[in-house]
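Here's the letter readout for the chains.
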Amino acid sequence: MREYSRLDTVIANIPYTAMVLLGAAIIALAYAFSPFGLASAGLYLAYGVAGAFWIMFFVCPYCAFFDTKACPCGYGMIAARIAKKGARENFAEKFKKHIPVIVPLWILPVLYAAIGLWQSFSWLLAILVAAFVIEAWIILPMVSKKHCCAECPQKEQCPWMGTGGSCARDAQ
C-alpha cells in the first residue's frame with residue numbers, strides 16, 4: 001500500500017474543504033449576511049467538521065486504511081485516536097449506514113440559495129451556487145474516484161465504488 005505524506009493528505013482534503021467553505025459562503029450570502037444567515041453558515045461549517053469526524057468514528061474503523069498512512073485523506077490515522085478498530089468485513093454495512101448522515105452537506109447550500117434567489121435574485125449568488133454544484137457534485141466525487149477509490153483495497157465491497165455501486169457503473 002502506498003503511504004501518503006502530510007502534503008498529500010492536505011491536497012486530498014481540498015475538495016471537501018472547498019465544498020464546505022463555499023457552502024457556508026452561499027448560505028451567508030443567501031440571507032444577505034443577516035444574523036440568521038451568519039448563524040446558519042456557522043452551523044453548516046460546524047456540520048461539515050462534525051460530518052468528517054462522524055465518518056472517522058463510525059466508518060473508518062472498518063476500513064483497511066484504519067491506523068495507516070495509506071489513507072489518502074488522513075482520516076484513518078485520526079480515527080485510530082478516537083475509535084476502536086472494527087471488523088473489516090463490516091465496512092460496506094457501516095458505509096451504507098453512516099454516509100447518509102453527511103449527504104445534506106451537498107444539498108443544504110443549494111436549498112438556501114434557491115430560497116435566497118427566489119426572494120431576491122443575485123448574479124453573485126447564482127454563480128456561487130453553480131460553482132458549488134460543480135465542486136460538490138462533479139469535482140469532489142471525480143477526485144475521490146480517481147485518487148482515493150482507485151487505490152482502495154476495499155473498492156469491490158464498497159457501496160459507492162464496488163460492483164453495482166455508482167462509481168463501478170460509471171466506469172463501465
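The rules behind these values
- Residues numbered from 1 in each chain as written.
- Predicted model: local features only at pLDDT ≥ 70, side-chain atom pairs only at ≥ 80, totals over all residues.
- Heavy atoms only, no water.
- Axes fitted to C-alpha atoms, helices over the stretch in contact; angles between N-to-C directions.
- Helix = DSSP H or I, 4+ residues; strand = E, 2+ residues; numbered from the N terminus.
- Parallel < 35°, antiparallel > 145°, perpendicular 65-115°, else oblique.
- Left-handed = near helix turned anticlockwise from the far one by under 90°.
- Contact = heavy atoms within 4.5 Å.
- Polar contact = N/O pair within 3.5 Å; in protein donor to acceptor, adjacent residues only side chain to side chain.
- Expected span 1.5 Å × (residues − 1).
- Bend = angle between axes of the 7 residues up to and from the residue.
- Buried < 20%, exposed > 50% of the residue type's maximum accessible area, 1.4 Å probe, protein only.
- Phe/Tyr/Trp six-rings, centres within 6.5 Å; stacked < 30°, edge-to-face > 60°.
- Salt bridge = Lys/Arg side-chain N within 4 Å of Asp/Glu carboxyl O.

Caption draft 1: Inspection of the packing of helix H1 (residues 6–30) against helix H2 (residues 35–58) at higher detail. The interhelical angle for the contact between H1 and H2, taken along N-to-C directions, is 160 degrees, at an axis separation of 7 Å. The orientation of H1 relative to H2 falls into the category roughly antiparallel. H1 and H2 meet at a crossing whose hand is right-handed. Taking contact as the criterion, the partners of Tyr 16, Met 19, Val 20, Leu 21, Gly 23, Ala 24, Ile 27 and Ala 28 in H1 are, on H2, Gly 37, Leu 38, Ser 40, Ala 41, Tyr 44, Leu 45, Gly 48, Gly 51 and Ala 52.

Caption draft 2: Local environment of the environment of Tyr 112. Examined against the element boundaries, Tyr 112 turns out to sit in helix H5 (residues 104–119). Sequence separation between Tyr 112 and Gly 23 is 89 residues, and the spatial gap between their C-alpha atoms is 9.3 Å. Beyond its immediate stretch of four places on either side in the chain, Tyr 112 contacts Ile 27, Ala 30, Tyr 31, Phe 36 and Ser 40.

Caption draft 3: Examining the side chain of His 98 more closely. Within the secondary structure layout, His 98 lies in helix H4 (residues 91–98). There is a polar contact of 3.1 Å between the side chain of His 98 and the side chain of Trp 54. Each residue touching His 98, except ones within four places of it in the same chain, is listed here: Trp 54, Ile 55, Phe 58 and Val 59.

Caption draft 4: Structural view of helix H6 (residues 123–148). Over its 26 residues, H6 runs 35 Å from end to end, which matches the ideal 38 Å to within 8%, given 1.5 Å per residue. The largest bend in H6 amounts to roughly 30 degrees and is located at Glu 135. Within the sequence span of H6, burial applies to Leu 125, Ala 126, Val 129, Phe 132, Glu 135, Ala 136, Leu 140, Ser 144 and Lys 145. Between the side-chain oxygen at the start of H6 and the backbone nitrogen of Leu 124 there is a gap of 3.3 Å, and the oxygen is on Ser 122.

Caption draft 5: How the structure looks around the packing of aromatic side chains. Applying the stated rule across the entire model yields eight aromatic pairs. Consider the rings of Phe 121 and Trp 123, whose centres lie 5.0 Å apart with planes at 90 degrees: the pair is edge-to-face. For Phe 121, a relative accessible area of 48% puts it in the partly exposed group. Note on Trp 123: relative accessible area 64%, which makes it exposed. Aromatic rings pair up to connect Tyr 31, Phe 36 and Tyr 112 into one cluster.

Caption draft 6: Main features of the pattern of salt bridges. Taken as a whole and assessed by the stated rule, the structure comprises one salt bridge. A salt bridge links Asp 8 to Arg 2; its shortest N-O distance comes to 3.5 Å. Judged by relative accessible area, Asp 8 falls into the partly exposed class, the value being 22%.

Caption draft 7: Structural detail: unusual backbone geometry. One non-glycine residue with positive phi stands out, namely Ala 32, at about 50 degrees. Counting through the fold element by element, Ala 32 comes out in the loop between H1 and H2. We classify Ala 32 as exposed; its relative accessible area is 63%. For Phe 33, which is not glycine, the phi dihedral falls at a positive 55 degrees. For Phe 33, the position within the fold is in the loop between H1 and H2.

Caption draft 8: Representation of the side chain of Asn 13. Counting through the fold element by element, Asn 13 comes out in helix H1. Residue Asn 13 is classed as buried on the basis of its relative accessible area of 18%. Among residues more than four places away in sequence, those in contact with Asn 13 are Cys 73 and Tyr 75.

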